[in-house]
Amino acid sequence: MSRSDVTFPLWNLRRGEAAVIDGFDPVLPEPYRNRLMELGFHPGEVVTCLQAPAMGAPRVYRVSNSTFSLDDDIARYLQLRLVTDE
Amino acid sequence: MNKPENFTCSALLIGSPNCGKTLLFNRLTGLQQRVANFPGVTVEIARGDLVRHSGVELYDYPGTYSLEAISGEEQVAIEQFTRALEDPRLGIVMCVIDVTRLEKSLYFAQQVIREGRRAGRPVVVLANLIDVLHAHKLTIDLDALGRELGAPVLGISARTGEGLDTLHEFITATLREPPPAAEAHDAPDILLRGTAHQLARKYGPRGDVLLRTQNRIDAFFLHSAFGGAAFFLIMYLLFQSIFTWAAPAMDAVEAGLGWISDLVVPVLGPRLVQDFTADAVFSGLGAFLVFVPQIFVLTFVIGLLEDSGYMARAALICHRPLRFFGLTGKSFIPMLSGVACAIPGIYAARSIESPRRRFLTYLAIPLMPCSARLPVYTLLIAAFIPQTTFLGGLVGVQGLAMFLVYFFGMFVGLLVTAFVSRSSRIQESDLPFVLEMPAYRRPALLPLLRKCWRRCGLFITKAGPIILAVTLVIWVLGYFPNGGEDLGASWLGQLGRVIEPVFAPLDLDWRYGVAILTSFLAREVFVGTLGVMFGIEAADENMVPLVDQIQASGLGLASGVALLVFFAVALMCVSTLAVLSRESGSTGLATRMFFAYVGMAYLMSIAAFQIVSLLGG
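Described below are features of the structure shown in this document. Computed from a predicted model, the values in this text were never measured in an experiment.

**Focus: the overall build of chain A**
Looking only at helices and strands, chain A has two helices and six strands in total. Overall, chain A shows an N-to-C arrangement of helices and strands of β-β-α-β-β-β-α-β. Here the C-alpha atoms of chain A give a radius of gyration of 12 Å, agreeing with the 12 Å that 2.2 N^0.38 yields for 86 residues. With the C-alpha coordinates aligned to their principal axes, the bounding extent of chain A is approximately 35 × 30 × 25 Å. Within the span of chain A, comprising 86 residues, buried residues form 57% of the whole. Here the contacts in chain A between residues at least 6 apart in sequence split such that 66% fall between residues at least 24 apart. Roughly 3600 Å² of accessible area belongs to chain A as shown, and the carbon and sulfur atoms make up 50% of that amount. For chain A, the centre of its 9 positive side-chain charges and the centre of its 12 negative side-chain charges are spaced 4 Å apart.

This is the structure:
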């Protein structure tokens, strides 16, 4: 497995796709960054987009053994990197 | 440390959200829950007696993901927790974790253990939902996890009762003979966060076996087409429950009070006492007791949605459209409830964690077209709007007017929240939308019924006296000085004449002023009062003679439209204000909203009057 060099925000992850958390946008205030890590959104962890409901509704992501819904007001600050099988 | 037999110990239950803490609390206390509200916030700390340890009080603290607050309410909850640790009566701290979702629970559990050690309190970690692991033939080494955490870990199931005997034995042993205080440590949060991550990987269930069922159900409920249809069907049922299912019970409350009144009043002596008892006391009691069935039904249905796990999905589906107006997906159900009655709607807003969004939802709810407005709209539309139809009778102007005035209130409500949410002062206190998707579970009915009962009790004891007091004041103003012979000559009538110039721009005379004043009790009172002013008996039951009288009085269409606009916007409901004041913990907010909405309604009705007049109405 190798990691892509390109990072992109969690909000751009499409339904059924998985990627590795690369880090957080520095703009995201520290308390929110900490809260996301408390929930399991750690750098290096795999996150999967389980559901992308209609009308731009917040998407449902799986991380570890939990599922969370994040709106773009926070999902855009989580940076991901695709993992490819080689 | 006191022994449990001395009835002076306390125990503390804490855990992250959705870990099954409340269900465990109900199991341990036999549902005998008492709730303490803290002023200014909606932080509830439930209190009950442990059924198998007489004299031990159990405190249930609000669920939070960490001791590092990101909102004002979390801060209050955390402060209460740290204060409780200093209480010399505290015998044991029980930290509940969700064993199927270790990552989110373990960081908080480590913080609780650290703080417990600092305060010299024994902490036990309760690994809840152990039955779910067993059902999937999964195991977890709780002893090893306990050694790494530095606190004993007991596997339990609040749902099935598995492991609770062991827990009771553990509590007894700890309270009788507290273990030697463990060495305190000052591990920083960042270290605990990393440890939680490692421990979750080491001990947590692997694979997605636990999420498969949830994902399958979500694939339907969050489907772009089916999910929306299911959402509207469920919301329709919710709406029906408030309107239709509660109606027989509401009728029964009214009939019961009427029956008691008929029984009691005739045996009372002087007419003044009879009038006071019938029109002030029983009317006042009816003014708030009639809402109890609605509150019960709504709390029950919302509880079903919350406990089953659907509420989180519903909030997600309607989040985006409401976000534009500064609201959240969780605002939808309170606002929908507000279409039936603002009071259950305000109670339903408790589920909104973000103080800012809850505040904005409070602003929107009173502008939803509640059922109390319906008789007012019916009267005014019948009196002022022509019965013209077009498209071969398919579309009637009166029906169209009813539709427009209903949606006018909703529209104004959304405009208000959009405007206020964009004010810089409150933008700073917002929280991003992160919502845990709980597993779908079968609701536990008995605790839910208890919750409904408790909510109704709170309404009766807290909001009821305020509503009753205002009813009594209005009655006194309407009864004296002429013994209720002529409302027009009463103090209320005199007040109506004093404020007549206020309604002059709407071309309304003092009779309408008095009817508007009395509608502060409840909007539908407007119809009955106007009937009295026009000398018509029971106008609220048969509006036709009143409609004829109003039409004969020569009042124009512009005044009718102005009144419709006024009632669509004005916050003319003492019950709503009382509950709003109670729930928001701010009498100031309720007062400001009353004056703001009445003022806005007045200005908008003048504008409507002028526009309709210019158009020749």
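**Here we look at the overall build of chain B**
For chain B, the helix and strand inventory stands at 29 helices and 10 strands. Along the first, second and third principal axes, the C-alpha atoms of chain B reach 85 × 60 × 40 Å. When each of the 617 residues of chain B is scored for burial, the buried share is 53%. Restricting the contact set of chain B to residue pairs at least 6 apart, pairs at least 24 apart contribute 74%. In the form shown here, chain B has an accessible surface area of approximately 25900 Å², with 63% of it arising from carbon and sulfur atoms.

**Focus: the packing of aromatic side chains**
Residue and element names in this part refer to chain B. Under the defined criterion, the tally for this structure stands at 20 aromatic pairs over all chains. When the ring of Trp475 is compared with that of Tyr479, the centres are 4.4 Å apart and the planes differ by 25°; the resulting orientation is stacked. Taken together, the positions of Trp475 and Tyr479, both in helix H21 (residues 445-479) and four residues apart, correspond to about one turn of that helix. Residues Phe594 and Phe595 carry aromatic rings whose centres are separated by 5.1 Å and whose planes lie at 70° to one another, so their mutual orientation is edge-to-face. An aromatic cluster of at least three residues, connected via ring pairs, comprises Phe220, Phe221, Phe226, Tyr310 and Tyr440. One cation-aromatic arrangement involves Arg313 over Tyr440; the distance from NZ or CZ to the ring centre is 4.1 Å.

**Thoughts on the interface of chain A and chain B**
Taken together, the contact pairs 33 residues of chain A with 38 residues of chain B. A buried area of about 3300 Å², summed over both sides, lies between chain A and chain B, and 55% of it is on carbon and sulfur atoms. Ranking the residues of chain A by area buried against chain B places Arg35, Glu38 and Asn65 of chain A at the top, with a combined share of 22%. On the surface where chain A and chain B come into contact, there are six salt bridges. A salt bridge links Arg320 of chain B to Asp72 of chain A; the shortest N-O distance between them is 3.5 Å. On the surface where chain A and chain B come into contact, there are 19 residue pairs in polar contact (both at pLDDT 80 or more). For the side of chain A that touches chain B, the elements supplying multiple residues, two or more each, are helix H1 (30-39), strand E3 (46-51), strand E4 (59-63), strand E5 (66-70) and helix H2 (72-75) of chain A. Residue contributions to the side of chain A that touches chain B peak at seven residues, all from H1 of chain A. When its residues are assigned to classes, the side of chain A that touches chain B shows 15 nonpolar, 11 polar and seven charged. Of the pairings in the sheet, the one linking E5 of chain A to strand E10 (residues 434-436) of chain B comprises three bridges and is antiparallel in character. Bridge pairing in E10 of chain B places Ser69 of chain A opposite Leu435 of chain B.

**Quick notes on the packing of helix H3 (residues 102-119) of chain B against helix H7 (residues 189-203) of chain B**
Relative placement of two packed helices is described by the angle separating their axes and the distance separating the axes. All names here are of chain B. One can describe the packing of H3 onto H7 by two numbers: an axis separation of 8 Å at closest approach and a directional angle of 135°. In terms of orientation, H3 and H7 fall into the oblique class. Like other packed secondary-structure pairs, H3 and H7 cross with a definite hand, here right-handed. Residues Leu102, Glu103, Leu106, Tyr107, Gln110, Gln111 and Arg114 of H3 form the contact with H7, whose own contacting residues are Asp189, Leu192, Arg193, Thr195, Ala196, His197, Leu199, Ala200 and Tyr203. A per-class count over the contact of H3 with H7 returns eight nonpolar, four polar and four charged.

**Focus: the nonpolar core**
All names here are of chain B. Of all hydrophobic cores here, the largest spans 117 residues; its most connected members are Phe459 and Phe526. When residues of this core are assigned to their parent elements, the largest contribution, 10 residues, is made by helix H27 (residues 557-569). The contacts of Phe526, once residues within four sequence positions are left out, are Val376, Leu379, Leu380, Tyr512, Ala515, Ile516, Ser519, Leu563 and Phe567.

**Here we look at the environment of Arg511 of chain B**
Residues and elements named next belong to chain B. Here Arg511 is to be found in helix H24 (residues 510-518). Put simply, Arg511 and Asp131 are 380 residues apart on the chain and 67 Å apart in space, counted from C-alpha to C-alpha. Those residues in contact with Arg511, other than ones at most four positions away along the chain, are Leu530, Met533 and Phe534. Within the structure, the side chain of Arg511 is placed 2.8 Å from the side chain of Asp509, a separation counted as a polar contact.

**Let's talk about the pattern of salt bridges**
Between side chains of opposite charge, pairing is possible as soon as their charged atoms come close. According to the stated counting rule, one finds 25 salt bridges over all chains in the structure shown. A salt bridge links Glu38 of chain A to Arg193 of chain B; its shortest N-O distance comes to 3.8 Å. Here Glu38 of chain A, found in helix H1, pairs with Arg193 of chain B, found in helix H7, and the two come from separate chains. Here the salt bridges do not stand alone but share partners, grouping Arg35 and Glu38 of chain A together with Glu68 and Arg193 of chain B into one network.

**Some thoughts on the pairing of strand E4 (residues 56-60) of chain B**
Residue and element names in this part refer to chain B. With respect to burial, E4 is a largely interior element, four of its five residues being buried. Where strand E1 (residues 9-15) lies against E4, five bridges are found, and the strand directions are parallel. When the bridges of E4 are listed, Cys9 appears paired with Val56.

**What to know about helix H5 (residues 142-149) of chain B**
Residues and elements named next belong to chain B. Within H5 the residues assigned to the buried category are Leu142, Ala144, Leu145, Gly146 and Leu149. Buried residues in H5 make contact with H3, strand E6 (123-128), helix H4 (130-135), strand E7 (153-155) and H7. The N-terminus of H5 is capped by Asp141, whose side-chain oxygen sits 3.4 Å from the backbone nitrogen of Asp143. Positioned one or two residues after H5, Gly150 has a phi angle of 85°, which is positive.

**Things to note about the environment of Ala182 of chain B**
Residues and elements named next belong to chain B. Its place among the elements puts Ala182 in the loop between helix H6 (164-176) and H7. For Ala182, a relative accessible area of 38% puts it in the partly exposed group. Along the sequence, Ala182 and Ile70 sit 112 residues apart, while their C-alpha atoms lie 30 Å from each other.

**Details of the side chain of Ser559 of chain B**
Secondary-structure assignment places Ser559 of chain B in helix H27. If sequence neighbours within four positions are ignored, Ser559 of chain B has contacts with Leu506, Asp507, Leu508 and Phe609 of chain B.

**Describing the side chain of His168 of chain B**
Residue and element names in this part refer to chain B. Assignment of secondary structure puts His168 in helix H6. For His168, a relative accessible area of 6% gives the class buried. With residues near it in sequence (within four places) discarded, His168 still touches Leu28, Arg52 and His53.

**Some words on the packing of helix H22 (residues 491-498) of chain B against H24 of chain B**
Residues and elements named next belong to chain B. One way to put it is that H22 packs onto H24 with a least axis distance of 8 Å and a crossing angle of 120°. With respect to H24, the axis of H22 lies oblique. Relative to H24, the crossing made by H22 is right-handed. Here H22 contributes Leu492, Gly493, Leu495, Gly496 and Arg497 to the contact with H24, which in turn contributes Trp510, Val514, Leu517 and Thr518. Across the contact of H22 with H24, the residue classes tally to five nonpolar, three polar and one charged.

About the criteria used
Residues numbered from 1 in each chain as written. Chains lettered and ligands numbered in written order. Predicted model: local features only at pLDDT ≥ 70, side-chain atom pairs only at ≥ 80, totals over all residues. Heavy atoms only, no water. Helix = DSSP H or I, 4+ residues; strand = E, 2+ residues; numbered from the N terminus. Rg over C-alpha atoms; globule rule 2.2 N^0.38 Å. Buried < 20%, exposed > 50% of the residue type's maximum accessible area, 1.4 Å probe, protein only. Contact = heavy atoms within 4.5 Å. Areas by Shrake-Rupley, 256 points an atom, 1.4 Å probe, with all protein chains shown as cover. Lys, Arg positive; Asp, Glu negative; His and termini not counted. Charge placed at Lys NZ, Arg CZ, Asp CG, Glu CD. Phe/Tyr/Trp six-rings, centres within 6.5 Å; stacked < 30°, edge-to-face > 60°. Lys NZ or Arg CZ within 6 Å of the ring centre and 35° of its normal. Buried area = accessible area lost by both parts, 1.4 Å probe. Salt bridge = Lys/Arg side-chain N within 4 Å of Asp/Glu carboxyl O. Polar contact = N/O pair within 3.5 Å; in protein donor to acceptor, adjacent residues only side chain to side chain. Nonpolar A, V, L, I, M, F, W, Y, C, P; charged D, E, K, R; others polar. Pairing = 2+ DSSP bridges. Axes fitted to C-alpha atoms, helices over the stretch in contact; angles between N-to-C directions. Parallel < 35°, antiparallel > 145°, perpendicular 65-115°, else oblique. Left-handed = near helix turned anticlockwise from the far one by under 90°. Core = buried A, V, L, I, M, F, W, Y, C linked by side-chain atoms within 4.5 Å.

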